[in-house]
Amino acid sequence: YEAKRLKCGVYVFNQQLDKKNARSAMIGKELNHALEKGEFSLVYQPQIDVVSKNVIGVEVLLRWHNEILHQVSPYEFIPIAESTGAILDIGNFVFEKAFEEFEDICNEIVKNNKKYTQANPFRLSINVSILQLSNENFLSNLFDLINKYDCENAKLMLEITETLIIENPRKIGTILEKIRQSGIEVSLDDFGTGYSSLSYLTKLPINELKIDQSFIHGLTTKKTNLTLVKSIINLGNSLGIKVLAEGVETNEELMILKNLKCQFIQGYYFSKPLNKTNLMNFLKEH
Ligand code: C2E
Ligand code: MG
Ligand code: MG
Ligand code: MG
């Protein structure tokens, strides 16, 4: 929608654009009180090993229910929280809540399941945005949490996006190195949608490539998607980096990924994101 320029030089903005700006402003305003009002919760989406069909871990996804706006998607509110800085407090909440809830999951399920060992731990994967990672207190807060909970046979994975690396490769490199030294793993989220140079993959301690769901959805219909997904999997396999495909919705997609030797998958085909109780039931059944 373009703004219309009148003869007198005045611009008339499209109604849609006005509505969008008003909604963003509203979201930004409501986000400021969302934590104290207890409007956030977490859901967990299982990640599966393609060959063994074992659940290898879960990704933590944030949910926001506001009384005026109702359910708002993180695709909409995370970028706004990043622009207002609210993401720092929200991000702290995500880590604290995830560790707290995960302690029960660990004690009831992970610890008692022979599949999960120190050598083959259950992973808790958490999304982190650039502002959080570059915050000076991020790592010390994280290490405090890890020491406080100390979940047996589990490990932490951080999901970061490519854009994060491009903005400040030196600084991010130093932080990622400290993360690696403490046994935390790093997954490159939405892989294939950014512009990062492939040389980062050999220079930075990255443990996993997470193929963006936009490439998975057209896997059976678009030849270019198939070519791209195949190249990413081969790249990961030859560099010794794990590869996870996200947004897998059909058995057909799963079969293609299996043939291409993709290790892990995540998507509605196996499970939608689940709240803590439903996740615990899911894990007991699998
Ligand atoms: P993401 O990290 O790439 O997460 C994957 C998104 O795809 C999630 O959306 C998930 O619910 C959805 N999804 C999973 N499987 C399928 C499928 O089979 N089909 C389809 N169509 N979608 C699927 P969600 O939960 O709405 O989150 C959106 C994005 O918001 C995430 O993308 C992530 O970038 C961001 N986000 C979510 N939680 C957090 C958080 O705690 N912190 C930060 N910084 N970002 C978060
Ligand atoms: Mg993610
Ligand atoms: Mg993603
Ligand atoms: Mg993302």
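Cut-offs used in this document
- Residues numbered from 1 in each chain as written.
- Chains lettered and ligands numbered in written order.
- Predicted model: local features only at pLDDT ≥ 70, side-chain atom pairs only at ≥ 80, totals over all residues.
- Heavy atoms only, no water.
- Near = heavy atom within 4 Å.
- Polar contact = N/O pair within 3.5 Å; in protein donor to acceptor, adjacent residues only side chain to side chain.
- Areas by Shrake-Rupley, 256 points an atom, 1.4 Å probe, with all protein chains shown as cover.
- Helix = DSSP H or I, 4+ residues; strand = E, 2+ residues; numbered from the N terminus.
- Donors = N, O, S within 2.8 Å, 3.2 Å for Na, K, Ca; no water.
- Axes fitted to C-alpha atoms, helices over the stretch in contact; angles between N-to-C directions.
- Parallel < 35°, antiparallel > 145°, perpendicular 65-115°, else oblique.
- Left-handed = near helix turned anticlockwise from the far one by under 90°.
- Contact = heavy atoms within 4.5 Å.

Looking at an unreviewed UniProt entry, one finds the protein chain named Diguanylate cyclase/phosphodiesterase and attributed to Marinicella litoralis.

Caption draft 1: A look at the site of ligand 1. Taken together, 24 residues lie around ligand 1, and Arg63, Asp189, Gln213, Glu249 and Tyr268 are the ones closest in. Glutamate 246 places a polar side-chain atom, nitrogen or oxygen, 3.4 Å from an oxygen atom of ligand 1. Within the backbone of tyrosine 268, an N or O atom sits 2.8 Å from an oxygen atom of ligand 1. In isolation ligand 1 has 800 Å² of accessible area, and contact with the protein removes 89% of it. Secondary structure elements with two or more residues in the shell around ligand 1: strand 4 (55–66), helix 2 (74–84), strand 8 (185–191) and helix 9 (213–217).

Caption draft 2: Inspection of the coordination of the magnesium ion (ligand 3) at higher detail. Within the protein, Asp189 (OD), Asp190 (OD) and Glu246 (OE) serve as the donor atoms for the magnesium ion (ligand 3), at 1.9 to 2.3 Å. Each donor residue of the magnesium ion (ligand 3) belongs to the same chain, and together they define the spacing D-D-x55-E. Metal-to-metal, the separation of the magnesium ion (ligand 3) and the magnesium ion (ligand 2) is 4.3 Å; aspartate 189 coordinates the two.

Caption draft 3: A look at the coordination of the magnesium ion (ligand 2). Within the protein, Glu59 (OE), Asn127 (OD1), Glu159 (OE) and Asp189 (OD) serve as the donor atoms for the magnesium ion (ligand 2), at 2.0 to 2.3 Å. All donors of the magnesium ion (ligand 2) come from a single chain, and their spacing in sequence reads E-x67-N-x31-E-x29-D.

Caption draft 4: View of the packing of helix 3 (residues 87–110) against helix 5 (residues 138–149). Orientation of helix 3 relative to helix 5, taken along the N-to-C sense of each, is 15°, at an axis distance of 10 Å. Accordingly, the angle class assigned to the pair helix 3 and helix 5 is roughly parallel. In this structure, helix 3 meets helix 5 at a crossing whose hand is right-handed. Between helix 3 and helix 5, the contacting residues are Asn92, Phe95, Glu96, Phe99, Glu100 and Glu103 on the first element and Phe138, Asn141, Leu142, Leu145, Ile146 and Tyr149 on the second.

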